[in-house]
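Observations on the three-dimensional arrangement
Here is what each chain is made of, one letter per residue.
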Amino acid sequence: MIESLGIMKLPVFCGRDCGGNACPLLASLENGRVVGIGHNPAAGEFLRGCPKGFALPAQHYSPHRIRQPLIRKGPRGSGRFVESSWEQALALIAEKLAACRADHGALSLLCLSSAGSTGALHNTEKLTLRFLRATGGCSAVKGNYSSNAAAHALKKALGLDYLRSGFDPATVDKAGLIVLWGANVLEARLGAELPARLVQASKRAVSIVSIDPRRTGTGRILGAEWIPILPGADSAMMYALLFLFLRFGAVEKSYLDARVAGFDRLASFVLGRSDGQPKDPAWAEKRCGVEAKKIEELARRWISAKPVMLIPGYSIQRTEKGEEAMRLCLALQLASGNFGLPGASTGSINNKLPGPRVGSLSEGEAGGEGAAIPVLRWPDAILGDYAPLKSPIKAVYTAGGNFLNQGADIRKNIRAFESLDFAVCHELFLTPTAAYCDVVLPAASPLQKEDIGIPWGGNYLLYKPRVLPLEGMERSDYDIFAELSSLMGGEDAFTEGLSESQWIHRFIAESEIRDVDAFKTSGIYFGREQERSGLGDFAADPVGRPLKTASGKVELDSPFWGGFTWPAPASRPGRSSHAGPPRAKTAGAGVALASGASVARSPRSDQSPPGEALDTYTFLLISPKERLRVHSQWGHRPDEILRSRLVVNEGEAGQLGLADGQELELFSASGSTLIRLSLSPDIMPGVVSIYEGSWCSDDQGRPVPGSANYLTSTLGTEESISCVMHGIPVRLRLPGSA
Ligand code: SF4
């Protein structure tokens with residue numbers, strides 16, 4: 001704590017379900033009120049928060065916060081609630097959960113929580129599961145919307161060693177070439193340190209390339225070279241790069257033999273020996289929209305610029321064949337000899353590396369839990385359309401997420417919530433999910449909770465005290481669950497007799513931190529090594545330090561992989577029955593299909609009046625992260641959370657007769673929504689974009705169009721049932737012309 005001129009400074013951190021997840025911050029307090037949040041100088045020059053973290057006080061003091069327990073009085077989604085006492089609300093929840101278990105079995109109760117709040121103790125996902133397990137069991141979801149396909153692919157290829165396949169951001173300093181592949185790091189964030197390290201690299205004039213359907217804010221700030229690419233077609237360009245690595249003699253067979261299982265089969269596919277089709281740059285250009293000569297130029301730079309730091313973003317694996325794109329990221333780094341080198345990367349995602357030892361709350365014992373439901377399929381499980389589930393879901397407990405809005409296929413999600421016997425959530429704001437619950441409990445804000453921050457990547461720990469007291473009716477998630485478990489007979493299992501501050505004390509006692517006072521005063525503890533290159537030991541000595549896989553090598557091809565094939569994004573039943581195959585070239589420049597199937601359709605001519613032929617013109621939709629939104633969580637700024645536009649390439653819009661601000665209906669195989677257009681030069685032709693996270697209803701329960709999840713599907717990828725949020729075929733039509 002630092003005090004001067006009546007202003008007290010306290011370390012805090014922001015821990016959210018975003019790409020950062022544990023960012024050190026410093027709160028300024030005056031007369032017991034937080035008057036500002038900035039960077040914590042104890043964290044050094046590079047570990048920094050973002051504008052969403054600086055908004056913690058605005059969220060805490062927001063007039064839109066829920067201040068009292070609410071019990072639904074109107075129809076689900078109407079936003080009509082009456083305020084109640086805590087006693088009444090908790091008694092109702094305890095009664096309804098007990099009745100659900102008694103009438104339909106424990107597995108009919110679904111734990112539908114997410115990491116809206118992260119931390120060693122106040123982790124909403126773990127707390128909800130722990131409470132439900134302590135009081136009689138539940139069904140649960142597995143996986144996540146963010147990086148599910150990547151986790152699936154990396155576990156297959158690297159085994160448990162995927163947990164140490166990242167790199168410390170300080171090693172960016174050694175990179176000769178940085179390739180951001182669908183990675184909008186400065187806006188969407190990938191850890192708390194990487195953004196500033198990349199800015200420093202750009203100042204040192206390190207060559208940076210951004211391969212992305214959009215010219216992102218990251219690309220602009222870093223002065224990166226933009227290579228526009230069609231969403232979902234990254235694998236085509238990766239195959240072509242591998243083709244060139246092989247053709248240019250840059251691939252060292254003995255190096256790969258020692259480190260990779262299955263490279264020969266990949267090479268055979270890439271060179272066209274297995275199917276007669278070489279995956280050369282001309283082949284790739286037709287599929288991914290990147291000029292062949294540009295692919296060749298990048299291949300030459302990749303070969304000569306070692307170490308090459310390939311940084312894949314979440315976007316490339318949130319596509320129809322996202323698992324394949326991740327597998328090929330590993331292949332690129334292996335084939336080019338960059339795998340695990342200092343200043344390079346393994347091609348993995350999330351910068352996973354071990355962090356300092358520290359305790360954290362467990363999810364508790366499973367106790368009769370049923371089959372975990374892939375998170376993408378939760379509405380199907382409620383609606384009885386997820387076959388492996390034996391008992392129907394009748395009740396939902398949710399905290400730290402906005403699933404009704406954030407899950408694919410909003411209309412299905414609404415039907416699912418409408419069909420429930422009971423739903424309860426903890427919230428700060430009346431989100432669309434909260435509006436469909438029977439009971440809404442007012443949750444404490446992050447500034448009201450003491451906790452330890454554990455980053456998903458990065459060798460450090462963070463601490464924050466309870467900066468602001470619990471003044472109103474709000475309570476911490478832990479406190480709510482502790483009282484509910486006492487009402488329901490599971491208190492010992494849930495609390496183990498410990499208060500919140502006693503848990504924090506225990507976690508620190510279990511940690512490697514020796515100077516606890518320094519940790520609490522500065523708000524940060526650094527692990528010893530800060531410049532690690534994940535799997536560098538294996539790369540240097542594959543025999544002495546084998547991976548935890550069947551072969552001891554990177555499993556690029558094994559019986560569990562389905563071989564190497566060019567992905568066909570629109571090939572699955574139900575995927576594109578309305579929209580047809582995706583078009584992949586600029587208006588007037590001919591039409592190629594991203595599926596690679598055929599050239600079949602011409603765009604409407606410049607002269608055709610809108611409404612006549614517009615709905616035959618297929619775009620590929622992407623839904624990237626917004627700089628100022630953490631998905632659809634939080635809601636302190638209704639104007640921010642409700643804002644939605646369809647970004648269209650301005651040249652293409654001109655050819656189609658579309659105007660900035662014009663309202664049209666956008667439709668896909670899964671649904672439709674009204675939306676206004678925003679024309680931009682920073683998106684490639686053939687692709688349209690809606691920032692994810694806009695709400696489908698306001699805090700009065702009134703429906704709001706424009707969310708990307710009106711258009712997405714719960715079908716998921718074929719291999720790992722992971723979400724597909726990019727590369728979705730969509731079309732436009734005049735409102736009311738369907
Ligand atoms: S929103 Fe995410 S990136 Fe931003 S400060 Fe919070 S945890 Fe860090």
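**Regarding the overall build of the protein**
- Of the regular secondary structure elements, the protein holds 25 helices and 27 strands.
- A compact globule built from 738 residues would reach a C-alpha radius of gyration of about 27 Å, and the protein, at 26 Å, matches this within 12%.
- Projected onto the principal axes, the alpha-carbon positions of the protein cover approximately 70 × 65 × 55 Å.
- Out of the 738 residues belonging to the protein, those deemed buried represent 59%.

**Some words on the domain arrangement of the protein**
- Segmentation of the protein into domains returns domain 1 (70-145 + 372-526), domain 2 (166-351) and domain 3 (569-733).
- The partner domain 3 presents 24 residues to the 26 residues of domain 1 that form the contact.
- For the side of domain 1 that touches domain 3, the elements supplying multiple residues, two or more each, are α15 (378-382), α16 (403-406), α17 (410-419) and α18 (432-435).
- Ranked by residues supplied to the side of domain 1 that touches domain 3, first place goes to α17 with 3 residues.
- Split into classes, the residues belonging to the side of domain 1 that touches domain 3 amount to 11 nonpolar, 10 polar and 5 charged.

**Regarding helix α19 (residues 477-488)**
- Over its 12 residues, α19 runs 16 Å from end to end, which matches the ideal 16 Å to within 8%, given 1.5 Å per residue.
- Listed as buried for α19 are D477, Y478, I480, F481, A482, L484, S485 and M488.
- Directly after α19, the chain includes G489, whose backbone phi takes a positive value near 85 degrees.

**Brief notes about the nonpolar core**
- Of all hydrophobic cores here, the largest spans 220 residues; its most connected members are I178, V179, L180, M237, L241 and L242.
- Of the residues forming this core, the biggest block, 10 residues, is contributed by helix α9 (residues 234-247).
- Excluding residues that lie within four positions of it along the chain, L180 makes contacts with V185, I208, V209, S210, T218, A224 and I311.

**Focus on the site of the ligand**
- Around the ligand, 14 residues are found, and the nearest of them are C14, G20, C23, C50 and G53.
- Here the shell around the ligand is composed, by residue class, of 6 nonpolar, 5 polar and 3 charged.

**Some remarks on the sheet that holds strand β13 (residues 308-312)**
- Taken together, 4 strands build an open sheet; the order of strands is β11-β10-β9-β13 and the sheet is parallel. Each edge of the sheet is formed by a strand with only one pairing partner; in this case those strands are β11 (225-227) and β13. Averaged over all pairs of adjacent strands, the angle between their axes in this sheet comes to 20 degrees, without regard to strand direction.
- Relative to β11, strand β10 (residues 207-211) runs parallel, the two sharing 3 bridges. Within the sheet, the bridge partner assigned to V209 lies in β11 and is E225.

**Structural notes on unusual backbone geometry**
- Across the junction of K306 and P307, the peptide omega takes the value 0 degrees, indicating a cis bond.
- In this structure, P307 sits in the loop between α13 (292-304) and β13.
- Of note, the phi angle at N351 is positive, near 50 degrees, even though the residue is not glycine.
- Assignment of secondary structure puts N351 in the loop between α14 (322-335) and β14 (373-374).

**Digging into the environment of N350**
- Among the secondary structure elements, N350 is positioned in the loop between α14 and β14.
- Here N350 falls in the buried class, since 21 other C-beta atoms lie within 10 Å of it.
- Put simply, N350 and G313 are 37 residues apart on the chain and 8.4 Å apart in space, counted from C-alpha to C-alpha.
- What N350 contacts, discounting residues up to four positions off in sequence, is S147, G166, W456 and G457.

**A look at the sheet that holds strand β18 (residues 451-453)**
- The antiparallel open sheet is built from 3 strands, whose spatial order is β18-β19-β20. Looking along the sheet, the strands with just one partner apiece sit at the ends: β18 and β20 (524-526). Adjacent strand axes in the sheet meet at a mean angle of 20 degrees when their direction is disregarded.
- Where β18 meets strand β19 (residues 460-464), 3 bridges bridge the pair, whose relative direction is antiparallel. Bridged to D451 within β19 is K464.

**Some words on the pairing of strand β4 (residues 33-39)**
- In this sheet, β4 lies alongside strand β3 (residues 23-30) in antiparallel orientation, the contact comprising 6 bridges. Looking at β4, one finds that L25 is bridged to H39.

**Looking at α14**
- Over its 14 residues, α14 runs 20 Å from end to end, which matches the ideal 20 Å to within 8%, given 1.5 Å per residue.
- For α14, a buried count of 14 out of 14 residues is recorded, marking the element as mostly surrounded by other parts of the structure.
- Once α14 finishes, G337 follows within two positions and takes phi at roughly 75 degrees, a positive value.

**Considerations on the packing of helix α12 (residues 281-288) against α13**
- Here α12 crosses α13 at 120 degrees, and the two axes come no closer than 8 Å. Crossing hand, α12 versus α13: right-handed. Within the contact between the two elements, α12 uses P281, A282, A284 and E285 and α13 uses A292, I295 and E296.
- In terms of residue class, the contact of α12 with α13 is made up of 5 nonpolar, no polar and 2 charged.

**Regarding the packing of helix α5 (residues 148-158) against α14**
- Put simply, α5 and α14 touch, their axes get as near as 8 Å, and they point 50 degrees apart. Classed by the angle they form, the pair α5 and α14 counts as oblique. When you trace α5 past α14, the crossing you get is right-handed. Counting all contacts with α5, which are made through A149, A150, H152, A153, L154 and A157, the residues of α14 involved are G322, E323, M326, R327 and L330.

**A closer look at the environment of I227**
- Relative to the helices and strands, I227 resides in strand β11.
- The spacing of I227 and R215 is 12 residues in sequence and 8.4 Å in space, taken between C-alpha atoms.

**Brief notes about the pairing of strand β16 (residues 422-427)**
- Across the 6 residues that make up β16, a large majority, 5, are buried.
- Of the pairings in the sheet, the one linking β16 to strand β17 (residues 439-442) comprises 4 bridges and is parallel in character. Its bridge partner being in β17, V424 is matched across the sheet by V439.

**A few points about the environment of I452**
- Of note, I452 is situated in strand β18.
- Each C-alpha atom, one on I452 and one on Q530, is 20 Å from the other, the two residues being 78 residues apart in sequence.

Reading guide: rules and limits
Residues numbered from 1 in each chain as written. Predicted model: local features only at pLDDT ≥ 70, side-chain atom pairs only at ≥ 80, totals over all residues. Helix = DSSP H or I, 4+ residues; strand = E, 2+ residues; numbered from the N terminus. Rg over C-alpha atoms; globule rule 2.2 N^0.38 Å. Buried ≥ 20, exposed ≤ 12 C-beta atoms within 10 Å, placed from the backbone. Domains from an automatic or database assignment. Contact = placed C-beta atoms within 7 Å. Nonpolar A, V, L, I, M, F, W, Y, C, P; charged D, E, K, R; others polar. Expected span 1.5 Å × (residues − 1). Core = buried A, V, L, I, M, F, W, Y, C linked by C-beta atoms within 7 Å. Near = placed C-beta within 6 Å. Pairing = 2+ DSSP bridges. Axes fitted to C-alpha atoms, helices over the stretch in contact; angles between N-to-C directions. Left-handed = near helix turned anticlockwise from the far one by under 90°. Parallel < 35°, antiparallel > 145°, perpendicular 65-115°, else oblique.

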